[in-house]
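So you can see what is in the structure, the chains are spelled out below.
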Amino acid sequence: MTVIGQIIGGEYGELYVRQKARKTIEIGELLSVGGDVILQVHDLGYDSLMEDDDLARISGMQLEGYDDTAIMEEEIRNYICARAKLLVHVKDGTAKIPKKLPPFFDQVRRVSEENFEFLDEPENGLYLGKIRSGSRVLDVPVYIDGKKALSHHILIPATTGRGKSNLVKVMLWNLIPKDYCGMLIIDPHDEYYGRNELGAKDHPEAPNKVEYYSPNPPPGGYSLKVNTNLLRPWDLRGIIDLTSAQTDAMYVYYGIYGEEWLGSIMVSDPEEAKIHGVQESTLDVLRRKLSLAIDINEVNGRVYCDSTIFTTEGNENMMNQIVESIEEGKKVILDTSSMPQDKELLIAGMITSRVFNRYKHYKEKGELDGKPTVSVVIEEAPRVLGERAGRNVFHTIAREGRKFRVGLIAITQLSSMIPRELLANMNTKIILGNEMRSEREAIIGSVAQDLSKDSKNIASLDKGEAIVSSIFTKFAVPIKIDLFDDIVERKERKNLKFF
Amino acid sequence: MIQELWRILNEMGGVPDDWGDPHFQHHQGYYESVPLSTDNFTPFSSTGEEDKVVCCVDGGNNCIYRSPIDSLHLIRIYFNLFKGRTRSKNVKPLNAFLTVKQGYESIECRIRPIESYMPISETEFILNKEDLGDGNGENAGRIIRTYLEWDTMSHVVEKHLDEGDILVKDGVLQTSVEGEKEHSDRLYGLVEKHNINLVGVAKSCSLKTTMGHPLISAVRFIGDGLEEDLWYYHPLAINKNPDHKGDMAIVKYHPRSEYVFRTEFYEGVDMDKKEVLGHLANQAKDPLFLGYPYGLVDADMKARVTDEETRHLRRAGTDRMRKEVSYRIKALDAHDRLSNL
């Protein structure tokens, strides 16, 4: 590759690279030095050998019509200076964290595919995209160890329109045939299955590997209707705002009536409540809250559900079926697009709790090794992981899920709303473009590699461009994510086995 | 105070009724002055042609150590080669140390080359103390630098220029010390042999008119009344000085320039003055110093030996200096020490 610049100064964290005249260096671009060191540009600026006053005077002359002036050797005296950081040092075919500076005045070149021969597909590789150097895409696929990365949680932070949904679709598509992980995808926009467009249903292995639950399922889908007997008091934690007396009351009834606890509360009379130590007023308010949350009512001693989501009859096995499918490595998509947020989170929490509890049980029994990793995809993650969300199963998984091989794929526009501790636990971050500085800072402050200089780089990420920072990569890898529709079309056209 | 300053400046101004004529105070017998006249202004045009190489040469020197009996200098000579506004070749400067040892009547100078674009060996020069005047140690550096400038120009003519190319010396085409002529004559011979256009451009000019006005400002003032954008004023005198081979002119290289420059054409070569000046004017459009050929700006910057550079060398050398040398230097450096406090 031809020379496009030269190192003219700087320090370990920031090298100055003078851009060669008539060559272009882009923000985010990867540069090769000496064939074994790769730099990444995080900022660009103008520089000049002339003093500021001279520049102002020259500009004045040109603007004010001092005709026939021409800057001699402009390409020598005025130039663009790229600020770059040491990204990776390739030694003996393996990537190392750079420990020393490349020689002063070394010339830099654009990277090519050959510079990334050290990258290979790990076991249980999860394909994310191709190496991107600035806006140039190299034919170098980027994989991370899916099994490990999924259990250690993945955060996908981005603002609207930067390609979050496309990324999740691509990841899901690539994971469908993989037996090493089961997934629960809570889909508030009903976009991943592809009811009316391309989606997971179009994958050749979808009939055996994808299950779709919806209140209004298409042919081949399953009805998403939850029998109220499957509800447990702890499922309502964080969903309904309850006093401690009301919470105690639920647990008392659950202790006495087991899975019938909810119906028992709805039909319980004050005398009975008093016997169980529950005040009449507590019972009344609890009933009202449960009725609003679950659409459960009582008429003449008969409990019924006036809801498209909950039922008092049938579907008792749905929850088990979902959990078992996930455990078999299937990808279960829940269409929650027609649900109010509290009901969406209630159902998502119910299923997630059951999967999590089961995996905890496997761990206790020493049976976890043969089980696939479970990944729960949750959109607008601060709803369940934010400070205000309170304790819930997602919170618990974010803290300790990896011990039980249960992880989250948390998608959010507002990473700053998620506590630092939880952000730090998300060991892989696929960072898409974000204009909001406070959000970028929250992400930068919690990534696996030092991205302290990359704020502008992140702000400049275009749709489909991302930086992958993970404890499972040696460096923060800039990638271009494939367009999902292209993947599906390519697959159909070539009929090739995908990854 | 400022008002008084303005008043003084106002009193210093005023357009004279008679500017007088060029006056050559020194060497008067060698110059036959030509009266000032608007007829002597000749317009010319800048040319963008890239058919000729324009080479500008300049040198710099600075003292690193000095004592009452000896001194050490750094000399740097640089030349550049342009075709139109494009540098046609990159050249590293010549760097050499110069040791100066003062004898009773003469001064012994020895050049110790460090890096050079031309063959140059360790050479000794004996300078006559009378030629050097006061501060003779400092002057020795300047004189040897001048020798090397002439030698560099000879080297350039032989190795880098073809017939019709332009060689620009920083300063006038006049020698001022005894040994210098030997070097300049060698260049003149080569310039004539290869038919090179040799010119000298002086940044400053102390020539006056018979009425005591600076000649440069008189010519410029008269030239301002003309319509021409670019002009040269010529002749100023008929020159019969054997040590001065320049046919003198005053040139305005850019329409917006605040400066006009004394420019000399080597009289031993028949040159198309308009064409030569057109090439220099093409280089004089750089807004950094509008009206001064960029090649000379570049040569000046690259040949310069700054105080900072000599300070650095001084510090580096002091660590390994023998005691007797150190003591000699201390005989003169207390003033510098105080200045740095």
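Because the structure is a prediction, the values reported are computed rather than measured.

> An account of the packing of aromatic side chains is needed here, citing residue identities and associated values.
Per the counting criterion, the structure on display carries 28 aromatic pairs over all chains. For the ring pair Phe79(B) and Tyr117(B), a centre distance of 4.9 Å and an interplane angle of 85° mean the geometry is edge-to-face. Taken together, the positions of Phe79(B) in strand β5 (residues 70-83) and Tyr117(B) in the loop between β8 (106-115) and β9 (123-128) put the pair 38 residues apart, joining distant regions of the chain. Comparing Phe79(B) with Tyr117(B), the two get one shared label, buried. Note on Tyr232(B) and Phe265(B): the rings are 6.3 Å apart at their centroids and 70° apart in plane angle, and the pair reads as edge-to-face. Note that Tyr232(B) is positioned in strand β13 (residues 231-233) and Phe265(B) in strand β16 (residues 261-266), a separation of 33 residues in sequence. The exposure class assigned to Tyr232(B) is buried, which follows from its relative accessible area of 9%. Residue Phe265(B) is classed as buried on the basis of its relative accessible area, which comes to 1%. An aromatic cluster is defined as three or more aromatic residues linked by ring pairs; in this entry it consists of Tyr259(B), Phe261(B), Phe289(B) and Tyr292(B). The aromatic ring of Tyr362(A) is capped on one face by Lys371(A), whose charged end is 4.4 Å from the ring centroid. The cationic tip of Lys273(B) hangs over the ring face of Phe265(B); the distance from NZ or CZ to the ring centre is 5.3 Å.

> Describe the interface of chain B and chain A, listing the residues and the values that go with them.
In this complex, chain B contributes 14 residues to the contact, which on the side of chain A involves 15 residues. Together chain B and chain A conceal approximately 1,400 Å² of surface at their shared face, both sides included; 57% is due to carbon and sulfur atoms. Run the count over chain B and chain A and you get two salt bridges. For Glu73(A), the salt bridge is made with Arg87(B), and the minimal N-O distance between the two is 2.4 Å. Our count for the contact surface shared by chain B and chain A stands at seven residue pairs in polar contact (both at pLDDT 80 or more). A class-by-class count of the residues in the side of chain B that touches chain A yields five nonpolar, three polar and six charged.

> Just give me the short version of the domain arrangement of chain A, but keep the residues and values in it.
Split by domain assignment, chain A resolves into domain 1 (3-116), domain 2 (125-224 + 319-494) and domain 3 (229-311). Summarising the inter-unit geometry, the C-alpha centres of domain 1 of chain A and domain 3 of chain A are found 68 Å apart.

> Can you lay out a nonpolar patch on the surface for me, pointing to particular residues and giving the numbers?
All names here are of chain B. Together, Ile 2, Leu 5, Trp 6, Ile 8, Leu 9 and Met 12 make up an exposed nonpolar region whose accessible area comes to about 650 Å². Along the chain, Ile 8 turns up in helix α1 (residues 2-12). You can call Ile 8 partly exposed: its relative accessible area is 39%.

> Got a sec to walk through the side chain of Asp151(B)? Specific residues and values, please.
You can see Asp151(B) is positioned in helix α3 (residues 136-159). Dropping the residues within four chain positions of it, Asp151(B) is found in contact with Met118(B) and His183(B).

> Run through the sheet that holds strand β12 (residues 210-214) of chain A, naming residues and quoting values.
All names here are of chain A. Taken in spatial order, the twelve strands make up an open sheet running β9-β8-β23-β22-β21-β10-β20-β19-β11-β18-β12-β13, and their pairing is mixed. Looking at which strands have only one partner, the edges of the open sheet turn out to be β9 (136-145) and β13 (222-223). Taken together, the seven bridges between strand β8 (residues 125-133) and β9 define a ladder with antiparallel strand orientation. Residue pairing for β9: Ser 133 is matched across the bridge by Arg 136. Across the sheet, helix α11 (residues 341-365) is in contact with β11 (181-187), β18 (331-335), β19 (373-378) and β20 (406-412); its angle to β11 comes to roughly 165°.

> Mind laying out the pattern of salt bridges, listing which residues take part and the relevant values?
Evaluation of the coordinates by the stated rule reveals 40 salt bridges over all chains. The salt bridge involving Arg57(A) is made with Asp54(A); its shortest N-O contact spans 3.3 Å. You can see Arg57(A) and its partner Asp54(A) sitting in helix α1 (residues 52-63), three residues apart, about one turn around the helix. By relative accessible area, Arg57(A) is classed as partly exposed at 36%. With a closest N to O distance of 3.4 Å, Glu158(B) and Arg186(B) form a salt bridge. Taken together, the residues Glu158(B) in helix α3 and Arg186(B) in helix α4 (residues 180-194) connect sequence positions 28 residues apart. Residue classification places Arg186(B) among the partly exposed residues on the basis of a relative accessible area of 42%. A network of salt bridges, in which partner residues are shared, links Glu73(A), Arg87(B), Asp298(B) and Lys302(B).

> Can you lay out helix α15 (residues 437-444) of chain A for me, pointing to particular residues and giving the numbers?
Those residues of α15(A) that fall on the buried side of the exposure criterion are Glu439(A), Arg440(A), Ala442(A), Ile443(A) and Ile444(A). Looking at the buried side of α15(A), the elements it contacts are β10 (154-157), α14 (420-425), β21 (428-431) and α16 (455-459) of chain A.

> Describe in detail the packing of helix α6 (residues 244-257) of chain A against helix α9 (residues 280-294) of chain A, supporting the description with residues and values.
Residue and element names in this part refer to chain A. α9 packs onto α6 with a crossing angle of 85° between their chain directions and a minimal axis gap of 10 Å. The angle between α6 and α9 places the two elements in the roughly perpendicular class. Along the contact surface, α6 presents Ala 245, Gln 246, Ala 249, Met 250 and Tyr 253, while α9 presents Thr 282, Leu 283, Val 285, Leu 286, Lys 289 and Leu 290. Residues that form the contact of α6 with α9 fall into these classes: eight nonpolar, two polar and one charged.

Rules used in this analysis
Residues numbered from 1 in each chain as written. Chains lettered and ligands numbered in written order. Predicted model: local features only at pLDDT ≥ 70, side-chain atom pairs only at ≥ 80, totals over all residues. Heavy atoms only, no water. Phe/Tyr/Trp six-rings, centres within 6.5 Å; stacked < 30°, edge-to-face > 60°. Helix = DSSP H or I, 4+ residues; strand = E, 2+ residues; numbered from the N terminus. Buried < 20%, exposed > 50% of the residue type's maximum accessible area, 1.4 Å probe, protein only. Lys NZ or Arg CZ within 6 Å of the ring centre and 35° of its normal. Contact = heavy atoms within 4.5 Å. Buried area = accessible area lost by both parts, 1.4 Å probe. Salt bridge = Lys/Arg side-chain N within 4 Å of Asp/Glu carboxyl O. Polar contact = N/O pair within 3.5 Å; in protein donor to acceptor, adjacent residues only side chain to side chain. Nonpolar A, V, L, I, M, F, W, Y, C, P; charged D, E, K, R; others polar. Domains from an automatic or database assignment. Patch = residues over 30% accessible without salt bridge, like charges linked within 9 Å, V, L, I, M, F, W, Y side chains within 5 Å. Areas by Shrake-Rupley, 256 points an atom, 1.4 Å probe, with all protein chains shown as cover. Pairing = 2+ DSSP bridges. Axes fitted to C-alpha atoms, helices over the stretch in contact; angles between N-to-C directions. Parallel < 35°, antiparallel > 145°, perpendicular 65-115°, else oblique.

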